[in-house]
Amino acid sequence: MAKLSAYASKAVEAWKEVAGATGQSASIVLAGDARLVGLAQQQFSTGGTLPGSWIRPLAELSTFSSVPGEVLVVFASPADEAEALAGLSQSAPKGKAVVAVDDGPAATGKAVYPGKRCIRLSFSDTPGSWERLFRLCAEAAGEHVAALGRRYPVMRAAAADRVIARTAGQNALIGLAFFVPGADMPAMTLNQAKMALSLAGIYDQALDRERAVELAGLVALGFGSRALSRSLVRWVPGISWIVKAGTGYAATLAIGKGAVRYFEKGA
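Rules and cut-offs
- Residues numbered from 1 in each chain as written.
- Predicted model: local features only at pLDDT ≥ 70, side-chain atom pairs only at ≥ 80, totals over all residues.
- Heavy atoms only, no water.
- Helix = DSSP H or I, 4+ residues; strand = E, 2+ residues; numbered from the N terminus.
- Buried < 20%, exposed > 50% of the residue type's maximum accessible area, 1.4 Å probe, protein only.
- Contact = heavy atoms within 4.5 Å.
- Areas by Shrake-Rupley, 256 points an atom, 1.4 Å probe, with all protein chains shown as cover.
- Core = buried A, V, L, I, M, F, W, Y, C linked by side-chain atoms within 4.5 Å.
- Pairing = 2+ DSSP bridges.
- Axes fitted to C-alpha atoms, helices over the stretch in contact; angles between N-to-C directions.
- Lys, Arg positive; Asp, Glu negative; His and termini not counted.
- Salt bridge = Lys/Arg side-chain N within 4 Å of Asp/Glu carboxyl O.
- Phe/Tyr/Trp six-rings, centres within 6.5 Å; stacked < 30°, edge-to-face > 60°.
- Parallel < 35°, antiparallel > 145°, perpendicular 65-115°, else oblique.
- Nonpolar A, V, L, I, M, F, W, Y, C, P; charged D, E, K, R; others polar.
- Polar contact = N/O pair within 3.5 Å; in protein donor to acceptor, adjacent residues only side chain to side chain.

Enquirer: Explain the overall build of the chain to me, please; I cannot follow it from the model alone.
Expert: When you go through the chain residue by residue, the secondary structure sums to nine helices and six strands. The 267 residues of the chain split such that 44% are buried. Partitioning the contacts of the chain with sequence separation of at least 6, the portion at a separation of at least 24 is 64%. For the chain, the accessible area works out to roughly 12,700 Å², and carbon and sulfur atoms hold 60% of it.

Enquirer: Just to check I follow, could you spell out the nonpolar core for this structure?
Expert: With 44 residues, the main nonpolar core has Ile28, Phe75, Leu133 and Leu199 as its most contacted residues. It is helix H4 (residues 127-141) that contributes the most residues to this core, eight residues altogether. Counting 15 residues, the second-largest nonpolar core is a separate cluster that includes Leu61, Phe64, Val74 and Val99.

Enquirer: Please clarify how the pairing of strand S6 (residues 118-123) should be interpreted in this entry.
Expert: Both faces of the sheet carry side chains from a regular strand, because those side chains alternate between them. Counted residue by residue, S6 has six buried out of six residues, so it is predominantly covered. Side chains Cys118, Arg120 and Ser122 of S6 all project onto a buried face; the interleaved residues Ile119, Leu121 and Phe123 project onto the opposite face, where all are buried too. As paired elements, strand S5 (residues 111-115) and S6 share three bridges and run antiparallel to each other. Bridging from a neighbouring strand, Val112 pairs with Arg120 of S6. Taken together, S5 and the strand that follows it, S6, pair antiparallel across an intervening segment of two residues.

Enquirer: How should the sheet that holds strand S3 (residues 70-76) be read in this particular structure?
Expert: Overall, mixed pairing links the six strands, which are arranged S2-S1-S3-S4-S6-S5 in an open sheet. Two strands close off the open sheet at either side, each with one partner strand: strand S2 (52-54) and S5. Mean inter-strand twist for the sheet, computed between neighbouring axes without regard to direction, equals 25 degrees. Taken strand by strand, helix H2 (residues 34-44) contacts strand S1 (27-32), S2, S3, strand S4 (97-102) and S6, and its axis lies near 160 degrees from that of S1. Sitting on the sheet, H4 touches S1, S3, S4, S5 and S6, and the angle it makes with S6 is about 175 degrees.

Enquirer: Got a minute to help me understand the side chain of Glu70 in this structure?
Expert: Mapping Glu70 onto the fold places it in strand S3. Put simply, Glu70 is tucked away with no salt bridge, and the nearest opposite charge, on Arg151, sits 7.5 Å away. Those residues in contact with Glu70, other than ones at most four positions away along the chain, are Ser27, Val29, Phe64, Ser65, Gly95 and Lys96.

Enquirer: Would you mind going over the packing of aromatic side chains with me for this structure?
Expert: Each aromatic ring pair is described using two quantities: the centre-to-centre distance and the angle formed by the ring planes. Going through the model one piece at a time under the given rule, you end up with six aromatic pairs. An aromatic cluster of at least three residues, connected via ring pairs, comprises Phe75, Phe123 and Trp130.

Enquirer: Looking at this structure, I do not really get unusual backbone geometry. What am I missing?
Expert: Note: most peptide bonds trans; most residues except glycine with negative phi. Not every positive phi belongs to a glycine, and Asp204 is a case in point at roughly 60 degrees. Relative to the assigned elements, Asp204 resides in the loop between helix H7 (185-202) and helix H8 (209-235).

Enquirer: What am I meant to see in the environment of Ala165 here?
Expert: Note on placement: Ala165 falls in helix H6 (residues 156-177). The class for Ala165 is partly exposed, based on a relative accessible area of 43%. A sequence separation of 84 residues divides Ala165 from Tyr249, and the C-alpha atoms of the two residues are 8.8 Å apart.

Enquirer: Mind showing me how you'd approach the packing of H2 against H4 here?
Expert: For the pair H2 and H4, interaxial distance at closest approach is 12 Å and the crossing angle is 75 degrees. Viewed along their axes, H2 and H4 adopt a mutual orientation that is roughly perpendicular. Of the residues in H4, those in contact with Leu36, Leu39, Ala40, Gln43 and Phe44 of H2 are Trp130, Leu133, Phe134 and Cys137. A per-class count over the contact of H2 with H4 returns eight nonpolar, one polar and no charged.

Enquirer: What am I meant to see in the pattern of salt bridges here?
Expert: It is possible for side chains of opposite charge to pair when their charged atoms get near one another. Summed over all chains, the structure comprises nine salt bridges. Arg35 serves as the salt-bridge partner of Asp102, at 3.7 Å between the closest nitrogen and oxygen. Of this pair, Asp102 sits in strand S4 while Arg35 is found in helix H2, placing the two residues 67 residues apart along the sequence. Arg135 is paired through a salt bridge with Glu131; the nearest N and O atoms lie 3.1 Å apart.

Enquirer: In this structure, what is going on with the environment of Asp125? I would like to understand it.
Expert: Its location among the elements puts Asp125 in the loop between S6 and H4. Using a relative accessible area of 43% as the deciding quantity, one classes Asp125 as partly exposed. When the C-alpha positions of Asp125 and Asp102 are compared, they lie 7.9 Å apart, and in sequence the two are 23 residues distant. Not counting residues up to four positions away in its chain, the partners in contact with Asp125 are Arg35, Leu39 and Trp130. Of note is the side chain of Asp125, whose polar atom sits 2.8 Å from the side chain of Trp130.

Structure below.
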């Protein structure tokens, strides 16, 4: 119980850190094809904030300057793609850009990375393409993803999935890195606590005392998953590192998906 109490205390310490992260500045700025920009304003503002617009020719993209947490979405035709990418390669944004190339019926929905701060999407005006665009914007937001999901409700699912996948990956690596039995528990549990708080922020739930009580339950779940991992390691000692990484990954995914369902229902 003493260990569980210590882990709960560390989880609550993450409260302020995550509260600050979800309160960061984050925004979507639209540019390029006027028709698609108009459609994007409707799509991104569903239930929340109207995104900003950069109403200038693509040739002037080299002058665009963003701030951290600002994702630029450029809509371009295949004929204008080269000009848009060239302009972005000459700019010095602090955020990232997604270039949605209107490939119409030939769109594949695939993303490529032509530059360090740029993602190119084969796009069309279909529900699947818009969903793909939301997910790429969540990816481009980086550490500002929770704040972006909170500001644009239509992006909540994409932002939540990004946070969960990132945390699960981190915990898998922690399982691989720690060889001393039990040494990985504080780091994994703290990651799960931060994830749950970030998800609460994305779904616009107040980070108050009620969340602290929920965190205590989360820490208990994390404690249990690591106990299960240690039991499995005793059964298959030769591949203990795989068991630890797999358990950390799967448990984090399960906790994250459960938290999303909980917050979707209004906590």
